[in-house]
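# Fold and geometry: a report
So the chains spell out like this:
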Amino acid sequence: INALIGYASLMLDRIYGDLTPRQEEGLNRIQGAAQHLLALINDILDLAKIEAGRMPLHLDDVALGEIMTEISQQIEPMVKKKQLTLSVELPSKDLKLHTDRTKVKQILLNLLSNAVKFTHHGGIWVTVSRDEEDLRFDVRDTGIGIREVDLESIWEDFRQVDQSRTREFGGTGLGLSITRKLVDALGGHVFAESVYGKGSTFTVILPLRSVVRPDDPPRIIDE
Ligand code: ADP
């Protein structure tokens with residue numbers, strides 16, 4: 001799939017010569033479909049690894065500011081492309097977390113890319129606050145919102161609200177399911193609140209110090 005995406009991109013850059021408008025359209029379709037398939041495969045692999053207990057925690061001391069800077073940099077092009085605003089508020093940049101950096105980033109990137117994807121106007125606010133033992137991340141958007149009846153099912157595998165509409169937005173329907181499992185692995189929890197048509201807030205609560213639980217991998221599942 002990487003080869004499909006790579007060569008389609010070289011062709012679109014006219015490395016192999018000029019293109020007719022129809023050829024260009026065909027290549028764009030190849031690229032779009034291949035990217036979707038790649039995302040789907042990566043998501044399924046992630047889920048399978050988590051379920052098989054093959055995604056162990058790599059705990060380390062990480063500065064909150066560092067994580068948030070990396071995430072903002074990654075999400076900024078998407079935000080700019082849709083002419084939205086992104087605002088990040090932290091209690092302190094130097095606050096140290098003992099956690100799995102890659103998993104925290106994946107959790108927040110999943111929520112932020114959804115926020116961007118489902119918002120047409122306005123912006124996204126990430127507010128981080130802390131208490132004694134936990135860190136709370138609120139990711140708020142002014143997007144399409146989620147009906148109350150759908151607020152539970154969005155966490156299920158392959159679940160997308162309103163198929164026809166979601167198709168317009170793309171995605172695999174696995175992001176939130178993976179997010180919840182990663183948050184669980186770190187000993188935290190995640191939930192959503194929303195006003196349909198106005199926007200949504202996804203909240204992640206993570207312990208300042210995650211621990212490896214005794215039943216963590218390697219684990220054998222026989223069903
Ligand atoms: P995907 O984004 O790949 O469709 P997810 O598991 O990340 O899958 O999300 C599941 C569904 O939850 C989405 O398809 C969408 O219907 C809904 N959703 C998630 N985040 C938001 C959001 N910020 N605003 C509105 N709807 C959302």
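Everything that follows concerns the structure shown earlier in this document.
Residues numbered from 1 in each chain as written. Predicted model: local features only at pLDDT ≥ 70, side-chain atom pairs only at ≥ 80, totals over all residues. Heavy atoms only, no water.

Its volume calculated, the largest pocket comes out at about 1400 Å³. What lines the largest pocket is a set of 49 residues, and nearest its centre among them are Ser113, Asn114, Lys117, Gly170 and Gly171. When residues of the lining of the largest pocket are traced back to their parent elements, those giving at least two are helix 2 (21–51), helix 3 (64–81), helix 4 (101–117), helix 5 (163–169), helix 6 (175–185) and strand 7 (199–207). Top contributing element to the lining of the largest pocket by residue count: helix 4, with 9 residues. For the lining of the largest pocket, the per-class residue count stands at 18 nonpolar, 19 polar and 12 charged. (1 Å grid on protein atoms, 1.4 Å probe; cavity = no way out; pocket = protein on both sides within 12 Å on 5 of 7 lines; lining within 4 Å. Points joined across faces, edges and corners; volume = space filled by probe spheres on them. Helix = DSSP H or I, 4+ residues; strand = E, 2+ residues; numbered from the N terminus. Nonpolar A, V, L, I, M, F, W, Y, C, P; charged D, E, K, R; others polar.)

In the neighbourhood of the ligand, 21 residues make up the surrounding shell, with Asn114, Gln160, Thr172, Gly173 and Leu176 lying closest. Contacts to the ligand include aspartate 141, whose side-chain N or O atom sits 2.9 Å from a nitrogen atom. In the environment of the ligand, an oxygen atom lies 3.1 Å from a nitrogen or oxygen atom belonging to the backbone of valine 161. If the ligand stood free it would expose 530 Å²; the protein chains cover 97% of that surface. Under a 2 Å grid-point criterion requiring more than half of the atoms, the pocket assigned to the ligand is the largest pocket. For the shell around the ligand, the secondary-structure elements that each account for two or more residues are helix 4, helix 6 and strand 7. A total of 3 residues in the shell around the ligand trace back to one element, the largest contributor, which is helix 4. Tallied by class, the residues present in the shell around the ligand amount to 9 nonpolar, 9 polar and 3 charged. (Near = heavy atom within 4 Å. Polar contact = N/O pair within 3.5 Å; in protein donor to acceptor, adjacent residues only side chain to side chain. Areas by Shrake-Rupley, 256 points an atom, 1.4 Å probe, with all protein chains shown as cover. Sits in = over half its atoms within 2 Å of the grid points.)

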